[in-house]
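Chain residues, written in single-letter form:
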Amino acid sequence: MRGLTKDKLLSLAEEFGGAFYLLDSCQFQANYTRLSDEFKKIYGNFNIAYSYKTNYTPKLCKIVNENGGYAEVVSHMEAEIALRSGVHPSRIIWNGPIKNTDKVNELLLSGATVNLDSVYEFHNIVSLAEKHPEVTLNVGIRCNFDVGDGVVSRFGIDTDSDEFDRALELFVSHKNIYLVNLQCHFAKRNVEFWPARAEGMVKTAKRVEKALGYLPRRIDIGGGIYGNMEDELKAQFTANIAGYADYAKAAATVFKKHFPDEEPELVIEPGSALAGDCMQFAGCVETIKTVRGKTYITMLGSQKNISMSGINPPMRVISMGGEATDFTDADIVGYTCIEGDVMYRGFNGRLAVGDFLVFSNCGSYSLVMKPPFIFPNFPVLDICREEVEVIKKQETFDDIFHTFSFR
Ligand SMILES: Cc1ncc(COP(=O)(O)O)c(C=O)c1O
């Protein structure tokens, strides 16, 4: 994959057109193994719940499932992706602030875990438990507390509130509602907040043990781990970009100290850390023009395809043999009509119309957040093996417009 050549791009372009995502599913597997190993070195009873929203490509979801990981989903759409990828309901963990009640009930009855985000979910859980006294419902609580990151998160139930006590009451009063899991997630990826999230969850678990007489089977401390980056990308962040081992040390050590027998299971919910460097986006240079002294290189692709804004992603120019020119401080811009659709600012180098630009680190929040704005989306091709595998076909007009009425 790294050795993407002119010939390879030419043959892909002939078959798939002037822009496509290049998936590296082997890299995803390697990331999964390495991240898991770093945590297991410190705390053996560890698992990964892959954050589907980051990149719900079924091939990636299947890799997680084959490796024994969980599916972390936040909607009935994502739960359906898990089921269709062959994930057993008991391996699905459903977070999220708004949930479809019918789907929640269906999944709870088949063994999935549903994490409560607010008191509005209590009534449904109680009535389901009362309607099905023979079924144990695996319910979790998303915990909200201060980790010193300066953010007041809107997700979950404040562990210092009466609502949290009311949540615990559900498990006391209904023996078939089992508190299988405590979960939290904090968006800031700085590793310095990780010991606080681990300590906060351990403290809450011990409080639960006192109230209910048992420890939850799993403690899920969320995602928010940086993916692998090249140095030029790291340098554009103000934060220190920690590695997998740093996060493992920051959190798993806390768990080992409090739970030397390694019960409960420690779970994390990585998204970017697994998917970030598994996708590249390649697009062809279509036009080059200078307007009032500023050079614009317009390509088939958009900032919406690569998800990164405000920074210059790692980018390579693959020459296709056209007559190249030297450029200084040129902006590489997308096909949309948005002025701010800039994929790379201040490009210095040589290129020609027809050349391919290949952007790395496009795996997280790209494919899943691309709107059908102006163009349907481009195909996704897995090229980590000899034979190209079409992971997602080029979207068509009908893919987007079949839900509209033209009457
Ligand atoms: C609940 C939850 N878990 C996991 C993640 C994955 O985060 P990241 O991609 O930073 O690892 C997110 C991202 O928003 C999230 O909301």
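Residue indices follow the written sequence of each chain, beginning from 1 at its first position. The predicted origin of the model limits local features to residues at a pLDDT of at least 70 and limits the giving and counting of side-chain atom pairs to 80 or more, whereas totals for whole chains, interfaces and linings rest on all residues.

Visitor: I tried to follow the overall build of the protein on my own but got confused; where do I start?
Guide: Only DSSP runs of H or I reaching four residues or more are called helices, and only runs of E reaching two or more are called strands; each is numbered from the N terminus. When its secondary structure is counted, the protein shows 13 helices and 18 strands. Here the protein has a C-alpha radius of gyration of 23 Å; the compact-globule value for 407 residues is 22 Å, and the two agree. Dimensions of the protein, computed from the C-alpha atoms along their principal axes, are close to 75 × 55 × 40 Å. Per-residue burial for the protein yields a buried fraction of 42% across its 407 residues. Considering only contacts within the protein whose residues lie at least 6 apart along the sequence, 71% involve residues at least 24 apart. Using C-alpha atoms as the atom set, the radius of gyration is obtained and then compared with a globule rule of 2.2 Å times the number of residues to the power 0.38. Three exposure classes are used, all based on how many other C-beta atoms lie within 10 Å of a residue's own C-beta (placed from the backbone): buried at 20 or more, exposed at 12 or fewer, and partly exposed between those limits. Two residues form a contact once the distance between their C-beta atoms, set from the backbone, is within 7 Å.

Visitor: Explain the domain arrangement of the protein here, please?
Guide: Interfaces are often sized by the amount of accessible area the parts lose when they come together. Here the limits of each domain have been adopted from an automatic or database domain assignment. What the domain assignment reports for the protein is domain 1 (6-22 + 277-398) and domain 2 (25-275). Centre-to-centre, using C-alpha coordinates, domain 1 lies 34 Å away from domain 2. If you look at the interface, domain 1 gives 16 residues, while domain 2 gives 20 residues. Any residue outside Ala, Val, Leu, Ile, Met, Phe, Trp, Tyr, Cys, Pro, Asp, Glu, Lys and Arg is labelled polar, Gly included; the first ten of those are nonpolar and the last four are charged. The class makeup of the residues in the side of domain 1 that touches domain 2 is 10 nonpolar, 4 polar and 2 charged.

Visitor: Quick question: what am I supposed to make of unusual backbone geometry here?
Guide: Glycine aside, residues mostly have negative phi angles, and peptide bonds mostly take the trans form. For the peptide bond that leads from Glu263 to Pro264, omega is 10 degrees, which places it in the cis range. One non-glycine residue, Asp329, lies in the positive phi region at around 55 degrees. Along the chain, Asp329 falls in strand E14 (residues 325-333). The residue Tyr365 is not glycine, and still its phi comes out positive at about 55 degrees. Tracing the sequence through the fold places Tyr365 in the loop between strand E16 (356-359) and strand E17 (380-382).

Visitor: Can you walk me through the nonpolar core in this structure?
Guide: The nonpolar side chains of a soluble globular protein tend to be buried with one another. Counting residues in each nonpolar core, the largest one holds 104 residues, and the members touching the most others are Tyr21, Cys61, Ala71, Ile92 and Ala251. Split by domain, the residues of this core number at least three in each of domain 1 (6-22 + 277-398) and domain 2 (25-275). Apart from the residues within four sequence positions on either side, Tyr21 is in contact with Met279, Phe281, Cys362, Leu367, Phe378, Val380 and Leu381. Residues enter a nonpolar core if they are buried, belong to Ala, Val, Leu, Ile, Met, Phe, Trp, Tyr or Cys, and are joined to the set through C-beta atoms within 7 Å.

Visitor: Honestly, the packing of helix H8 (residues 194-212) against helix H10 (residues 244-258) in this entry has me stumped. Any pointers?
Guide: Two elements in contact, H8 and H10, have axes whose closest approach is 8 Å; the angle formed by their N-to-C orientations is 25 degrees. Put simply, H8 runs roughly parallel to H10. Once H8 is placed against H10, the crossing between them reads as right-handed. Counted together, Trp194, Pro195, Arg197, Ala198, Glu199 and Val202 of H8 and Tyr247, Ala250, Ala251, Val254, Phe255 and His258 of H10 form the full contact between these two elements. Taken together, the residues of the contact of H8 with H10 break down into 9 nonpolar, 1 polar and 2 charged. To get an axis, fit a line to the C-alpha atoms, keeping to the stretch in contact for a helix; angles then go from 0 to 180 degrees between the N-to-C directions. The labels follow the angle: roughly parallel below 35 degrees, roughly antiparallel above 145, roughly perpendicular from 65 to 115, and oblique for the rest. Definitions for this section: a left-handed crossing has its near helix turned counterclockwise from the far helix by less than a right angle. A right-handed crossing has that turn clockwise.

Visitor: Is there a simple way to think about H8 in this case?
Guide: For an α-helix, 3.6 residues make a turn, and residues three or four places apart therefore share a direction. Spanning 19 residues, H8 covers 27 Å between terminal C-alpha atoms, matching the ideal 27 Å at 1.5 Å per step. Within the span of H8, buried status applies to Trp194, Arg197, Ala198, Gly200, Met201, Ala205 and Val208. Down the axis of H8, the sector holding all buried residues measures 160 degrees, keeping them to one side. For H8, the secondary structure elements touched by its buried residues are strand E6 (137-144), helix H7 (162-173), strand E8 (177-183), strand E9 (218-220) and H10. By this rule, a helix spans an expected 1.5 Å times one less than how many residues it contains. When we speak of the arc, we mean the arc of directions from the helix axis to the C-beta atoms.

Visitor: In this structure, what is going on with the site of the ligand? I would like to understand it.
Guide: Contact assignment follows one rule, namely that a residue is near a molecule or strand if its backbone-placed C-beta atom lies within 6 Å of it. In the neighbourhood of the ligand, 17 residues make up the surrounding shell, with Ser51, His185, Gly223, Gly271 and Ser272 lying closest. In terms of residue class, the shell around the ligand is made up of 4 nonpolar, 10 polar and 3 charged.

Visitor: I would appreciate a short explanation of the pairing of E8 in the present structure.
Guide: Working note: regular strand, side chains alternate between the two faces of the sheet. Counting buried residues along E8, 6 of its 7 residues qualify, which places the element largely inside the surrounding structure. Bridge count between E6 and E8: 6 bridges; the pairing is parallel. Bridge pairing in E8 places Ile141 opposite Leu182. Strand pairing is assigned whenever DSSP detects at least two bridges linking the two strands. Of the strand pairs in this sheet, E8 and E9 are connected by 3 bridges, and their pairing is parallel. Across the sheet, residue Leu182 finds its bridge partner in E9, namely Ile219. You can see the chain leave E8, run along H8 and come back into E9, and the turn it takes is right-handed. By convention a crossover is right-handed if, when the strands point away from the viewer, the path from the first strand over the helix to the second runs clockwise.

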